[in-house]
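# Survey of secondary and tertiary structure
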Amino acid sequence: MLQLMLHAHPRIALPPETRFLLAAYQKRAEFGDLGDPAKRRELGQFIVESSQFEDLGLDPEKTVEAIVAGPPTLGSAFGIVFRMYSERFGKARWGDKRPLYLRHLPTILRLFPDAQIINIMRDGRDCVASLKETPWKPSEFDTLIDYWAKSADASLLAQRRYPKDVYHQVRYEDLVADPEPHLRRLCDFLEEDFDPAMTAPNKLASVAVPEYKTWHTLTHQAPTTERIASWRSRLTDDEVRKCEAVFGDLLARFGYEPSIPIARSAKMRADAELLAKHRLGPAKQAARNLWTQIRSSEQAEPPVAARLTTRQVR
């Protein structure tokens, strides 16, 4: 929904979810020196052959040739793809959307030094209920709980780490209840003028949401508050108890009220053990990011930042 709201802006294009960015970043050593056009071609082939690339509606050959002709950095190759998508709609600004990026923000900002991060927060119980109904859901219910908990922790970390002109957060519940004021604040963050079209994202769903993504069917409808607290009918009492035991005070920190008093029963303590497990996630990720930076410095890794805007050239 938020992707479509942004895509409805006359100057902004946000594509359907892609899968190549983090995968290619992790394999960057295998692509070698991108100063070599042959290596850029290899990277371009990897991108156009990646899962869901065809959702962008771009010509694979033209995309590869644009990457070969572009600046010799990983971020530039990614940015060229997103820029080509924005050019399909005659728009000046481009971006990308994927929930997993929230846990890899240092990487995103390394690739795009002038990136602005927008995060949408939703009640963890509703998120778990929605994920539970997707065709690609994991077999373990605990995995769904852990996913939101880690993302919530990453949100808190981002709020502390990044300045207000880099990171902006909005709550789903506030956005659907009264879209315009929150979208106006979002446009202020982006230094763009608000456009009323942003309040009707459903008008673009047929253009920017692939038909096979049946779990996004509701994007074809106008924003509604009907899905707020829908976990009450979509989760069992036991599932709610497990969610709230693991989430601990995270719900309250984002303004959501627990429905079940936390009782210190043996069962609740067992569920809460998951909390300790995932709470280490952001710290571990931060340590991995620091270690990666140290190794990159020691090994004189080539720059990866995009060179497509004046502020990205660093």
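Just so we're clear, the structure is a prediction, and the values are computed from it rather than from any experiment. (Residues numbered from 1 in each chain as written. Predicted model: local features only at pLDDT ≥ 70, side-chain atom pairs only at ≥ 80, totals over all residues. Heavy atoms only, no water.)

## What to know about the packing of helix α4 (residues 37-48) against helix α5 (residues 60-69)
Contact geometry of α4 with α5 gives a least axis separation of 8 Å together with a crossing angle of 145°. Judged by the twist between their axes, the crossing of α4 over α5 is right-handed. Taking contact as the criterion, the partners of Pro37, Arg40, Arg41, Gly44, Gln45, Ile47 and Val48 in α4 are, on α5, Pro60, Thr63, Val64, Glu65, Ile67 and Val68. Classifying every residue of the contact of α4 with α5 by side-chain character gives 7 nonpolar, 3 polar and 3 charged. (Axes fitted to C-alpha atoms, helices over the stretch in contact; angles between N-to-C directions. Helix = DSSP H or I, 4+ residues; strand = E, 2+ residues; numbered from the N terminus. Left-handed = near helix turned anticlockwise from the far one by under 90°. Contact = heavy atoms within 4.5 Å. Nonpolar A, V, L, I, M, F, W, Y, C, P; charged D, E, K, R; others polar.)

## Observations concerning the pairing of strand β3 (residues 117-121)
Going residue by residue along β3, you find Ile117, Asn119 and Met121 tucked away on one face and Ile118 and Ile120 left uncovered on the opposite face. Relative to strand β4 (residues 167-171), β3 runs parallel, the two sharing 5 bridges. The residue of β4 that forms the bridge with Ile120 is Val170. (Buried < 20%, exposed > 50% of the residue type's maximum accessible area, 1.4 Å probe, protein only. Pairing = 2+ DSSP bridges.)

## Some words on the environment of Phe247
Looking at where Phe247 falls in the secondary structure, it is placed in helix α14 (residues 237-247). Phe247 gets classed as buried once you look at its relative accessible area, which sits at 0%. Sequence separation between Phe247 and Ala149 is 98 residues; the distance between their C-alpha atoms is 6.1 Å.

## Let's talk about the packing of aromatic side chains
Following the criterion strictly, the structure yields 8 aromatic pairs and no others. Aromatic side chains Phe20 and Phe78 sit 5.8 Å apart centroid to centroid with 45° between the ring planes, which places their arrangement in the tilted category. On the criterion of sequence distance, the pair formed by Phe20 in helix α2 (residues 20-26) and Phe78 in helix α6 (residues 74-88) is long-range, its members being 58 residues apart. Each member of the pair, Phe20 as well as Phe78, is classed as buried. The interplanar angle of 55° and the centroid separation of 4.4 Å between the aromatic rings of Trp148 and Phe247 together place this pair among those described as tilted. Here the residue Trp148 occupies a position in helix α9 (residues 141-161), and Phe247 occupies one in helix α14, the gap between them amounting to 99 residues. The two residues Trp148 and Phe247 agree in class, both being buried. Here a set of aromatic residues connected by ring pairs shows up, and it is made of Phe20, Phe78, Phe82, Trp94 and Phe112. Seen from the ring of Tyr147, Arg103 lies directly overhead, with NZ or CZ sitting 4.7 Å from the centre. (Phe/Tyr/Trp six-rings, centres within 6.5 Å; stacked < 30°, edge-to-face > 60°. Lys NZ or Arg CZ within 6 Å of the ring centre and 35° of its normal.)

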